[in-house]
Amino acid sequence: MSNGGGTIDLLKLIGRLSPECFQSIERRYSILRAVEFRQPVGRRALSVELGLKERTVRSEVDKLKELKLLNADNMGMYVTDDGKELLEQLSDIYQSIRGIPDLKKRLQEVLGIDSIIIVPGDSQSNDLVLQEMGRSASRYLVEIMNECDVVGVTGGSTMAAVSDQVTSEKKFPKVTVVPARGGLGKELMAQSNSVAAKIGKNLGAMYRLLYIPDSLEKEALQVIQSNDEIRQSLQLIEKMRILIFGIGRADILAKRRNLSSDRINHLMENGAVAEAFGHYFDIRGNDIWEYKTVGLSLETYKEIPQVIGVAGGADKAEAIIAIASIRKDITLIIDEEVGNKIIKILN
């Protein structure tokens, strides 16, 4: 906001005088935002999504219709053009009500990172927050992309949510989106290939696929690299100008890779909290162990001009701290819940 400090001070005064005013604003903002993501949607589904009583939702929806911010037909509710405009205008105010500017300032101080985007809420308990993180990542990605960029992406549920929200009126026919890693796990839509394809299509960009698993023996990789398409995809990884990736917990990724119980115990005993690019890190960013994988290396990661890490939920706090220790010029896109947990840990 252009007059951020004064506006925040005014909001604090209003909050002291009339806290119920903020409760009403938050509730109606949440309803509008939920309808925007889920439209067309019914009242019952909306009450379940937001954890509100159905009569509360009915009352608020009636008021929003009266204000011409919502419409409804036999399919469900929709946000009007006026409602969409109001959501955009209210975004900064809503963040101020939730104390996001103060949280961001504290995180910048304790992590030593300037570029942090915080989405209000908890993405682990509210799927709408995860989608909002995806939307924030999409907007930032489009903002920093150049016409001929190579954009690398990883897989995982967070990155799948990002790919769902990527959109742009401007198309990027000369941009190439490429998986930064090989395949991992069994969930199709969370594979890096699926994420790359969806983001590429939504941006009107080119995309390349990497038809190999994340882990391969050295001899097998040498044989596979004789395939032109795979070799070209691996070469593009070395040319990335932008990387957008999900930040993973060490224990979760170790189990997903089917590491032995002895190896997992060894990692946990040595303080592993994060995994990225096949490396397992402790909370200070020290490299504990490397699992030989296909794709982006740690050395290449450190040289990429623009890196964007996306993660949410309190249980990702230590992993985020670890990854943030490796590069201070990373852009973090996180939720409010994990931001508060990071503050608790580092304080």
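This section reports on the structure supplied with the text. Predicted model, so just to flag it, every value in this text is computed and none were measured.

A look at the overall build of the protein
Within the protein, the secondary structure is distributed over 16 helices and 13 strands. Of all 347 residues assigned to the protein, the portion counted as buried reaches 50%. Here the contacts in the protein between residues at least 6 apart in sequence split such that 69% fall between residues at least 24 apart. Split by element, the accessible area of the protein, about 17,000 Å² in all, is 47% carbon and sulfur.

Overview of the sheet that holds strand β10 (residues 279–282)
Strands sit in the order β8-β9-β10-β11 across an open sheet of four strands; the sheet is antiparallel. Both outer strands of the open sheet, β8 (248–249) and β11 (287–290), are each paired with one neighbouring strand and no more. Inspection of the sheet shows β8 paired to strand β9 (residues 272–276) by two bridges, in the antiparallel sense. When the bridges of β9 are listed, G248 appears paired with E275. Running over the sheet, helix α15 (residues 317–326) touches β8, β9 and β10 and is turned about 60 degrees from β9.

Overview of the packing of aromatic side chains
For the coordinates displayed, the defined rule picks out six aromatic pairs. Relative to F277, the ring of F245 lies with its centre 5.5 Å away and its plane at 55 degrees, an arrangement referred to as tilted. In this pair, F245 sits in strand β7 (residues 242–246) while F277 sits in the loop between β9 and β10, placing the two residues 32 residues apart along the sequence. Taken individually, F245 and F277 each receive the classification buried, so the pair is uniform in this respect. Plain terms: the ring middles of Y280 and W289 are 5.8 Å apart, the flat faces sit at 35 degrees to each other, and that makes the pair tilted. A residue is classified by how much of its surface remains accessible, and Y280, at 0% relative accessible area, is buried. An aromatic cluster is present here, built from F245, F277 and Y301 joined pairwise through their rings. Taking NZ or CZ as reference, R263 lies 4.1 Å from the ring centre of W289, over its face. Above the plane of the ring of Y301 lies R327, whose end atom (NZ or CZ) is 5.6 Å from the centre.

Details of unusual backbone geometry
With an omega of -5 degrees, the peptide bond between Q39 and P40 qualifies as cis. Summarising the element assignment, P40 is placed in the loop between α2 (19–38) and α3 (43–50). Positive phi, close to 60 degrees, is recorded for N258, a residue that is not glycine. Here N258 shows up in the loop between α12 (250–256) and α13 (261–269).

Quick notes on a nonpolar patch on the surface
On the surface, V110, I345 and L346 cluster together into a nonpolar patch covering about 190 Å² of accessible area. For V110, a relative accessible area of 33% puts it in the partly exposed group.

Topic: the environment of G339
Tracing the backbone through its elements, the reader meets G339 in helix α16 (residues 336–346). On the basis of relative accessible area, G339 is assigned to the buried category, the value being 0%. For the pair G339 and I100, spaced 239 residues apart in the sequence, the C-alpha separation amounts to 9.3 Å. Beyond its immediate chain neighbours, meaning those up to four positions away, G339 contacts L103, L107 and I334.

With respect to the sheet that holds strand β3 (residues 116–119)
The seven strands are arranged β3-β13-β12-β7-β4-β5-β6 in an open sheet whose pairing can be described as parallel. Since the sheet does not close on itself, it has two edges, and those belong to β3 and β6 (206–207), each with one partner. Across five bridges, the pairing between β7 and strand β12 (residues 306–311) is parallel. Each bridged residue has a counterpart across the sheet, and for I244 the counterpart in β12 is I308. Docked against the sheet, α16 engages β3, β12 and β13 (331–335), running at close to 105 degrees with respect to β13.

Re helix α6 (residues 100–111)
With twelve residues, α6 should reach 16 Å at 1.5 Å per residue; the first-to-last C-alpha distance of 16 Å fits that figure. Looking only at α6, the buried set comprises I100, L103, L107 and L111. All buried residues of α6 fall inside an arc of 60 degrees around its axis, so they share one side. Those residues of α6 that are exposed and angled more than 90 degrees off the buried face are K105 and E109.

Rules and cut-offs
- Residues numbered from 1 in each chain as written.
- Predicted model: local features only at pLDDT ≥ 70, side-chain atom pairs only at ≥ 80, totals over all residues.
- Heavy atoms only, no water.
- Helix = DSSP H or I, 4+ residues; strand = E, 2+ residues; numbered from the N terminus.
- Buried < 20%, exposed > 50% of the residue type's maximum accessible area, 1.4 Å probe, protein only.
- Contact = heavy atoms within 4.5 Å.
- Areas by Shrake-Rupley, 256 points an atom, 1.4 Å probe, with all protein chains shown as cover.
- Pairing = 2+ DSSP bridges.
- Axes fitted to C-alpha atoms, helices over the stretch in contact; angles between N-to-C directions.
- Phe/Tyr/Trp six-rings, centres within 6.5 Å; stacked < 30°, edge-to-face > 60°.
- Lys NZ or Arg CZ within 6 Å of the ring centre and 35° of its normal.
- Patch = residues over 30% accessible without salt bridge, like charges linked within 9 Å, V, L, I, M, F, W, Y side chains within 5 Å.
- Salt bridge = Lys/Arg side-chain N within 4 Å of Asp/Glu carboxyl O.
- Expected span 1.5 Å × (residues − 1).
- Arc of directions from axis to C-beta.

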